[in-house]
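Each chain, letter by letter, is given below.
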Amino acid sequence: MSQRRILVGLAAALLVTTVLYVVVRSSSEGGDAVATADTGAVTTTSAPAPTAVPSTAAAPTPTAHPTATAPAPPFESAVEGVTAEELGASWDPAVAGCAPPEALRALTVSHWGYDGQVHQGRVIVEAAQADRVVAAFRDVYAARFPIERMVPISEYGGDDQASMRANNTSGYNCRTVAGSSKLSQHALGRAVDINPLVNPYVQGGTVDPPEGAPWADRSRNDPGMIKAGDAVVRAFARQGWGWGGSWSSGQDYQHFSASGG
């Protein structure tokens, strides 16, 4: 083999080696190596760098929605028979005319308390008036009118004064109208007193219960006060019950009754 052929072979081998080296290196650096067929020159093109995100870019803020008021629990009610034991001292079988246990019903109804929570109250009324009273308290509940407590007056030994001082809402009680021998509508199960401490009976300088004297001022707007035309008055009026706060001679702001008296 001539010396010329040897030199040409060496030159070709060197060119191939150089091309392979450039291709391998360019690939390792993320670029593409292209050899020009005519000249054997190699051109390297680098892959485009990703677009940089400015370090000061803030994360997107979620769209804010106003907090919705939680819906009220559904109104619940139950109507049950009454026993003499449950009536306790609120029934005296020796008093003629008072409704006996079999003529009465115990109502369990939902009501809003002074604490803003829902409670289950219990009030005793005449069986014939049970559905009307439940309907009235359903409307009172829908209006979110607060009732401090609602338990049968037997829990106060049938003592009307003790029940009123406790601002207890009650119904049946075998008693007479204060200062008379006439049976009260409560003795028939046809009356309900609501928040009696803050809705006292007022006649001239007399306030009953006496502890309710501050609330004889009906310009006050304390929780549980009943005013003319308010949700409570309208609720009972829809059931045909009258309000003692509208009486012309002495106002009984706590009192609602089937007869209006």
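Definitions and limits used
Residues numbered from 1 in each chain as written. Predicted model: local features only at pLDDT ≥ 70, side-chain atom pairs only at ≥ 80, totals over all residues. Heavy atoms only, no water. Phe/Tyr/Trp six-rings, centres within 6.5 Å; stacked < 30°, edge-to-face > 60°. Helix = DSSP H or I, 4+ residues; strand = E, 2+ residues; numbered from the N terminus. Buried < 20%, exposed > 50% of the residue type's maximum accessible area, 1.4 Å probe, protein only. Lys NZ or Arg CZ within 6 Å of the ring centre and 35° of its normal. Core = buried A, V, L, I, M, F, W, Y, C linked by side-chain atoms within 4.5 Å. Disulfide = S-S within 2.5 Å. Salt bridge = Lys/Arg side-chain N within 4 Å of Asp/Glu carboxyl O. pLDDT = per-residue confidence, 0-100. Contact = heavy atoms within 4.5 Å. Pairing = 2+ DSSP bridges.

### Considerations on the packing of aromatic side chains
Argument step 1. Throughout the structure, instances matching the rule amount to six aromatic pairs.
Argument step 2. With a centroid separation of 5.6 Å and 55° between ring planes, the pair formed by phenylalanine 75 and tyrosine 141 is classed as tilted. Linking phenylalanine 75 in the loop between strand 2 (42-46) and strand 3 (77-81) with tyrosine 141 in helix 3 (residues 130-142), this pair joins segments that are 66 residues apart in sequence.
Argument step 3. Classification of tyrosine 141 as buried rests on a relative accessible area of 7%.
Argument step 4. Pairwise contacts between aromatic rings join Phe137, Phe236, Trp241 and Phe256 into one cluster.
Argument step 5. The ring of tyrosine 253 has arginine 218 sitting right over it, with the charged end atom 4.2 Å from the ring centre.

### Quick look at the nonpolar core
Argument step 1. Grouped together as the largest cluster of nonpolar side chains are 28 residues, with contacts concentrated most on Leu107, Phe137, Ile194, Ile226, Val232, Phe236 and Phe256.
Argument step 2. Where this core is concerned, the elements lending two or more residues are strand 4 (104-112), strand 5 (118-126), helix 3 and helix 5 (231-237).
Argument step 3. Considering each element in turn, this core owes the most residues, seven residues, to helix 3.
Argument step 4. Formed by 10 residues, the second largest nonpolar core is a distinct cluster that contains Cys98, Ala99, Ala106 and Ala187.

### Quick word on the state of the cysteines
Argument step 1. Taken as a whole and assessed by the stated rule, the structure comprises one disulfide.
Argument step 2. A sulfur-sulfur distance of 1.9 Å marks the disulfide that ties cysteine 98 to cysteine 174. Taking the sign of the S-S torsion, 85° for the link of cysteine 98 and cysteine 174, the bridge is right-handed. Of this pair, cysteine 98 sits in the loop between helix 2 (84-87) and strand 4 while cysteine 174 sits in the loop between helix 4 (160-165) and strand 6 (191-193), placing them 76 residues apart in sequence.

### Considering the pattern of salt bridges
Argument step 1. For the structure on display, the rule yields six salt bridges.
Argument step 2. Across the pair glutamate 126 and arginine 190 runs a salt bridge, and its minimum N-O distance is 3.0 Å. With glutamate 126 in strand 5 and arginine 190 in the loop between helix 4 and strand 6, this residue pair connects regions lying 64 residues apart in the sequence.
Argument step 3. A salt bridge links arginine 175 to aspartate 160; its shortest N-O distance comes to 3.8 Å. Of this pair, arginine 175 sits in the loop between helix 4 and strand 6 while aspartate 160 is found in helix 4, placing the two residues 15 residues apart along the sequence.
Argument step 4. For arginine 175, a relative accessible area of 21% gives the class partly exposed.
Argument step 5. When salt bridges that share partners are traced, they join Glu80, Glu86 and Arg122 into one network.

### Comments concerning the confidence of the model for the protein
Close inspection of predicted coordinates is inappropriate for parts of the model with low pLDDT.
Argument step 1. Per-residue confidence for the protein gives a mean pLDDT of 82, with 74% of residues at or over 70.
Argument step 2. Segment residues 10-68 is flagged for pLDDT under 50; beyond a separation of four residues in sequence, or across chains, it makes 26 contacts in the model.

### Notes on the pairing of strand 5
Argument step 1. Pairing between strand 4 and strand 5: nine bridges, direction antiparallel. Bridge pairing in strand 5 links valine 109 to glycine 121.
Argument step 2. Between strand 4 and strand 5, which pair antiparallel in sequence order, lie five residues; one of them, glycine 116, sits at a positive phi of approximately 80°.

### A look at the sheet that holds strand 9 (residues 242-243)
Within a sheet, each strand pairs with its neighbour through backbone hydrogen bonds, oriented either parallel or antiparallel.
Argument step 1. Pairing in this open sheet of three strands is antiparallel, and the strands run 6-11-9 from one edge to the other. Looking at the sheet topology across the chains shown, the edges are occupied by strand 6 and strand 9.
Argument step 2. Of the strand pairs in this sheet, strand 6 and strand 11 (residues 255-257) are connected by three bridges, and their pairing is antiparallel. Its bridge partner lying in strand 11, alanine 191 is registered against serine 257.

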